[in-house]
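Residues per chain are reported as follows:
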Amino acid sequence: NTNQIYQLLFICHTLKNTVPLSFPSSLHYVLPPAAGAISIRSPQHSLTRPVQQDVLFSVDISCVGIPTVQWTFMSGRVSRDIGAWQPGGFTNVSEDYMDRILTYTNGSMGLSDLRIQDTGFYVITVTELSGSSKDAGFVLNVEGE
């Protein structure tokens, strides 16, 4: 029957990342996002916390496949790798942060027992298996003492 509706679904690893496209003849396709379509969402990019408290750099990342998440600290002329991980896979946290970091599968990072020296710029880099990457930055101001 020529009036019959056919539906083809090409589904990415998560349905929330699909893009519906309508075509004539009642054909409907749902295509995954294009390669390199990395998204880093966060409710807040500037944070202020008191000394000895905790902070959560809250993000929600999405991309094609399983990403590698890397966090870096920068302040003045100092730049330090904090850690890198793959959700559900490896976690590699630098010795300087080993006892103060919590990593989350959505890319978020928790930092505990804040010190004045933690004031600075924090960068998350999300890298897909294809090698494409995207960065997002946060400013943390630690107050006290």
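So, a few notes on the structure that sits alongside this text.

Cut-offs applied
- Residues numbered from 1 in each chain as written.
- Predicted model: local features only at pLDDT ≥ 70, side-chain atom pairs only at ≥ 80, totals over all residues.
- Heavy atoms only, no water.
- Helix = DSSP H or I, 4+ residues; strand = E, 2+ residues; numbered from the N terminus.
- Buried < 20%, exposed > 50% of the residue type's maximum accessible area, 1.4 Å probe, protein only.
- Areas by Shrake-Rupley, 256 points an atom, 1.4 Å probe, with all protein chains shown as cover.
- Core = buried A, V, L, I, M, F, W, Y, C linked by side-chain atoms within 4.5 Å.
- Contact = heavy atoms within 4.5 Å.
- Phe/Tyr/Trp six-rings, centres within 6.5 Å; stacked < 30°, edge-to-face > 60°.
- Polar contact = N/O pair within 3.5 Å; in protein donor to acceptor, adjacent residues only side chain to side chain.

Looking only at helices and strands, the protein chain has zero helices and 14 strands in total. Secondary structure elements of the protein chain, listed N to C terminal, follow the sequence β-β-β-β-β-β-β-β-β-β-β-β-β-β. Within the protein chain, buried positions represent 33% of all 145 residues. Here the protein chain displays about 8,800 Å² of accessible surface, and carbon together with sulfur accounts for 53% of that area.

Let us look at the nonpolar core. One finds F57, W71, Y122 and I124 to be the most contacted residues of the largest nonpolar core, which totals 27 residues. Where this core is concerned, the elements lending two or more residues are β6 (55-57), β8 (68-75), β9 (78-85), β12 (109-111), β13 (120-127) and β14 (133-143). With near-sequence residues (within four places) excluded, Y122 lies in contact with F57, W71, T72, F73, I82, M109, L111, A136, G137, F138 and L140.

Under the defined criterion, the tally for this structure stands at five aromatic pairs. Ring centres 5.7 Å apart and planes at 75 degrees place the aromatic pair F57 and F138 in the edge-to-face group. On the criterion of sequence distance, the pair formed by F57 in strand β6 and F138 in strand β14 is long-range, its members being 81 residues apart. The pair formed by F57 and F138 is uniform in burial state, with each residue classed as buried. With a centroid separation of 5.0 Å and 55 degrees between ring planes, the pair formed by F73 and Y122 is classed as tilted. You can see F73 sitting in strand β8 and its partner Y122 sitting in strand β13, a full 49 residues away along the chain. Judged by its relative accessible area of 0%, Y122 is buried. Aromatic ring contacts, followed pair by pair, group F57, W71, F73, Y122 and F138 into a single cluster.

Along the chain, N106 falls in the loop between β11 (101-103) and β12. Residue class for N106 comes out partly exposed when judged on its relative accessible area of 30%. Taking the C-alpha atoms as reference points, N106 and S62, separated by 44 residues in sequence, lie 8.3 Å from one another. Those residues in contact with N106 that sit more than four places away from it in its chain are V59, D60 and I61. For N106, the side chain forms a polar contact with the main-chain nitrogen of S108, separated by 3.0 Å.

Note on placement: S42 falls in the loop between β4 (39-41) and β5 (46-50). Residue classification places S42 among the buried positions, given a relative accessible area of 19%. Separated by 3.1 Å, the side chain of S42 and the backbone oxygen of Q44 make a polar contact. Other than its neighbours up to four places away in sequence, S42 contacts S58, V59 and F138.

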